[in-house]
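One letter stands for each residue in the lines below.
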Amino acid sequence: MDKLEEKELKKISGGGLGTGLLIGAGVIFLIGVIDGYLRPLKCN
């Protein structure tokens, strides 16, 4: 396995989709927690 030079390391891209999905899931979870706290509904 070759060691990558600094220029080659800067060219590598990826992981943007996973990061975006993780942030989106966290935001949706927080919205659900806040909504449940402010507007608690009874279970049927």
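The structure we're discussing is the one just above.
Residues numbered from 1 in each chain as written. Predicted model: local features only at pLDDT ≥ 70, side-chain atom pairs only at ≥ 80, totals over all residues. Heavy atoms only, no water.

Observations concerning the overall build of the protein
Then, number 1: When helices and strands are counted, the protein shows two helices and zero strands.
Then, number 2: When its C-alpha atoms are laid out on the principal axes, the protein stretches across 60 × 15 × 10 Å.
Then, number 3: A buried classification covers 0% of the 44 residues belonging to the protein.
Then, number 4: When the accessible area of the protein is evaluated, it comes to approximately 4,800 Å², of which 67% is carbon and sulfur surface. (Helix = DSSP H or I, 4+ residues; strand = E, 2+ residues; numbered from the N terminus. Buried < 20%, exposed > 50% of the residue type's maximum accessible area, 1.4 Å probe, protein only. Areas by Shrake-Rupley, 256 points an atom, 1.4 Å probe, with all protein chains shown as cover.)

Looking at a nonpolar patch on the surface
Then, number 1: On the surface, a nonpolar cluster with roughly 730 Å² of combined accessible area is contributed by Phe 29, Leu 30, Val 33, Ile 34, Tyr 37 and Leu 38.
Then, number 2: Here Val 33 lies in helix α2 (residues 16-38). (Patch = residues over 30% accessible without salt bridge, like charges linked within 9 Å, V, L, I, M, F, W, Y side chains within 5 Å. Salt bridge = Lys/Arg side-chain N within 4 Å of Asp/Glu carboxyl O.)

Points about α2
In an α-helix, one turn spans 3.6 residues, which is why side chains three or four residues apart end up on the same side.
Then, number 1: For α2, built from 23 residues, the straight-helix expectation of 33 Å at 1.5 Å per residue is met to within 8% by its first-to-last C-alpha distance of 33 Å.
Then, number 2: A small share of α2 lies buried, amounting to zero of its 23 residues. (Expected span 1.5 Å × (residues − 1).)

Considering the pattern of salt bridges
Then, number 1: One pass over the structure, following the stated rule, counts two salt bridges.
Then, number 2: Residue Glu 6 pairs with Lys 10 through a salt bridge whose shortest N-O separation is 3.5 Å. With Glu 6 and Lys 10 both in helix α1 (residues 6-11) and four residues apart, this pair spans about one turn of that helix.
Then, number 3: A salt bridge links Arg 39 to Asp 35; its shortest N-O distance comes to 3.1 Å.
Then, number 4: On the accessibility criterion, Asp 35 (33% relative accessible area) is partly exposed.

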